Amino acid sequence: LCRIKYPGQLVVREINIIKAYCSDPRFLLWPLASVYHQIRRDKVAFCTISTFYKYVSLLGLKRKVVGHRRENHHTGICAHAPLQILHADATVFRTADNQKSYIHLVQDNYSRAILGYMVSESCKAENTFENLDAVLQTYLIPSCISSSLLLTDYGPENAGTVRNLIAGSLSPAINHLIAQRDIDFSNSMIEAVNKQLKYRFLYHYPIADHAPLTKRLQQAVQDYNNRPHNILNGLTPLEVLDGKAFDRDACQQQMALARNARIAEKKRFNVVTTAFNPTVNH
């Protein structure tokens, strides 16, 4: 950048020192933070570590990452339409009185939408049954799908009455799979949602006991289901659940229009600057 307008940037000598140290065979296997501190210890250049990282990135001096030697043989599970694959799980939440409450969730794989949720004081199969039955009556049966896959872990909350519900469901037929038993991977999608609800919402509020947790969970689920998700290209889970698709062409057209508008605005700014200061050298 212009050194008159941005006088605080590193000088050429300091940039060359960063290049030399990051390319030195002695330091090629070092973490970049260690290289930075070696430069500082040698007293050849001084800057903050964030500035060091910025110049390393600009100069293309980042370390090469060695691939994992253990091959990943796991094949994930992915739906091609809403309600094809469901995830169910229960997680513990401790309120301010240090008592355990259990949050039961049912999530759609394709849209990421949370279809069912409830709070209970015990982790029993009856609670999971109630949650799943509500999802069955509200979403699966009205959608007229022929079959759906349910993925859970091997916990006791997914046994007993839950298995009876699954066995008795014929329209749609529900195929129950146990994570890390029937399939060789975990129920990670809904476990990630458990974490998001806690760390992005519930933990931000002082929840005294079991009673107010239900209200906060309802707010958390509404917030999650109605906010744009990057994995869904900015759509909300409820929009995808309702069948809305991401319009890539429209998005690219909006980006192009915004870029043209920025260029036009800069041209107008240059014209105005020249008019008020004819001595400006372009």
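Use the structure listed above.
Here goes a summary of the coordinates provided. (Residues numbered from 1 in each chain as written. Predicted model: local features only at pLDDT ≥ 70, side-chain atom pairs only at ≥ 80, totals over all residues. Heavy atoms only, no water.)

A separate point is empty space enclosed by the protein. The full count for this structure, using the stated rule, is three cavities of 30 Å³ or more. Along its surface, the largest cavity is lined by Leu86, Leu132, Val135, Leu136, Leu140, Leu150, Leu165, Ile166 and Ile174. Counting residues per element, the lining of the largest cavity draws most heavily on helix H4 (residues 125-143), which supplies four residues. Here the residues of the lining of the largest cavity sort into nine nonpolar, no polar and no charged. (1 Å grid on protein atoms, 1.4 Å probe; cavity = no way out; pocket = protein on both sides within 12 Å on 5 of 7 lines; lining within 4 Å. Points joined across faces, edges and corners; volume = space filled by probe spheres on them. Helix = DSSP H or I, 4+ residues; strand = E, 2+ residues; numbered from the N terminus. Nonpolar A, V, L, I, M, F, W, Y, C, P; charged D, E, K, R; others polar.)

Looking at where Ser188 falls in the secondary structure, it is placed in helix H6 (residues 188-200). According to the relative accessible area criterion, Ser188 is partly exposed, its value standing at 44%. When the C-alpha positions of Ser188 and Val11 are compared, they lie 48 Å apart, and in sequence the two are 177 residues distant. (Buried < 20%, exposed > 50% of the residue type's maximum accessible area, 1.4 Å probe, protein only.)

Time to look at helix H2 (residues 32-41). Listed in full, the buried residues belonging to H2 are Leu32, Val35, Tyr36, Gln38 and Ile39. Across the axial projection of H2, the buried residues extend over an arc of 160°, all falling on one side. Buried positions along H2 lie against helix H1 (12-23) and helix H3 (49-58). Of the residues flanking the end of H2, it is Lys43, one or two places downstream, whose phi is positive at about 60°. (Arc of directions from axis to C-beta. Contact = heavy atoms within 4.5 Å.)

For the rest of this paragraph, the subject is the nonpolar core. With 17 residues, the main nonpolar core has Leu83, Leu86, Leu115, Leu132, Val135, Leu140 and Leu150 as its most contacted residues. Elements with a minimum of two residues in this core: strand E1 (85-94), H4 and helix H5 (161-168). At five residues, the largest contribution of residues to this core is made by H4. The contacts of Leu132, once residues within four sequence positions are left out, are Ala88, Val106, Leu150, Val162 and Leu165. (Core = buried A, V, L, I, M, F, W, Y, C linked by side-chain atoms within 4.5 Å.)

Here the focus is the packing of H2 against H3. Two elements in contact, H2 and H3, have axes whose closest approach is 10 Å; the angle formed by their N-to-C orientations is 115°. The element H2 and its partner H3 pack so that their crossing is right-handed. Across from Leu32, Ala33, Val35, Tyr36 and Ile39 in H2, the residues of H3 making contact are Ile49, Phe52, Tyr53 and Val56. Among the residues making up the contact of H2 with H3, the classes are represented as nine nonpolar, no polar and no charged. (Axes fitted to C-alpha atoms, helices over the stretch in contact; angles between N-to-C directions. Left-handed = near helix turned anticlockwise from the far one by under 90°.)

Position of Thr128 among the secondary structure elements: in helix H4. Classification of Thr128 as buried rests on a relative accessible area of 6%. Apart from residues lying up to four places away in sequence, Thr128 is in contact with His104, Glu157, Asn158 and Val162.

Once that is clear, we can look at the pattern of salt bridges. Evaluation of the coordinates by the stated rule reveals three salt bridges. A salt bridge links Arg181 to Asp182; its shortest N-O distance comes to 3.3 Å. Between Lys244 and Glu239 there is a salt bridge; the shortest N-O distance is 3.9 Å. (Salt bridge = Lys/Arg side-chain N within 4 Å of Asp/Glu carboxyl O.)

All right, on to the packing of aromatic side chains then. Following the criterion strictly, the structure yields seven aromatic pairs and no others. A centroid spacing of 5.7 Å and a plane angle of 10° characterise the contact between Tyr21 and Phe27, whose relative ring orientation is stacked. Residue classification places Tyr21 among the buried residues on the basis of a relative accessible area of 14%. On the accessibility criterion, Phe27 (6% relative accessible area) is buried. Geometrically, the ring pair formed by Phe93 and Tyr203 is stacked, given 5.6 Å between the ring centres and 25° between the ring planes. With Phe93 in strand E1 and Tyr203 in the loop between H6 and helix H7 (210-225), this residue pair connects regions lying 110 residues apart in the sequence. The class of Phe93 is buried, set by a relative accessible area of 3%. On the basis of relative accessibility, which here comes to 43%, the residue Tyr203 falls in the partly exposed class. An aromatic cluster is present here, built from Tyr21, Phe27 and Trp30 joined pairwise through their rings. The ring of Tyr205 is capped by Arg216, whose NZ or CZ atom sits 3.9 Å from the centre of that ring. (Phe/Tyr/Trp six-rings, centres within 6.5 Å; stacked < 30°, edge-to-face > 60°. Lys NZ or Arg CZ within 6 Å of the ring centre and 35° of its normal.)

By themselves, these observations are geometric and do not establish any function.
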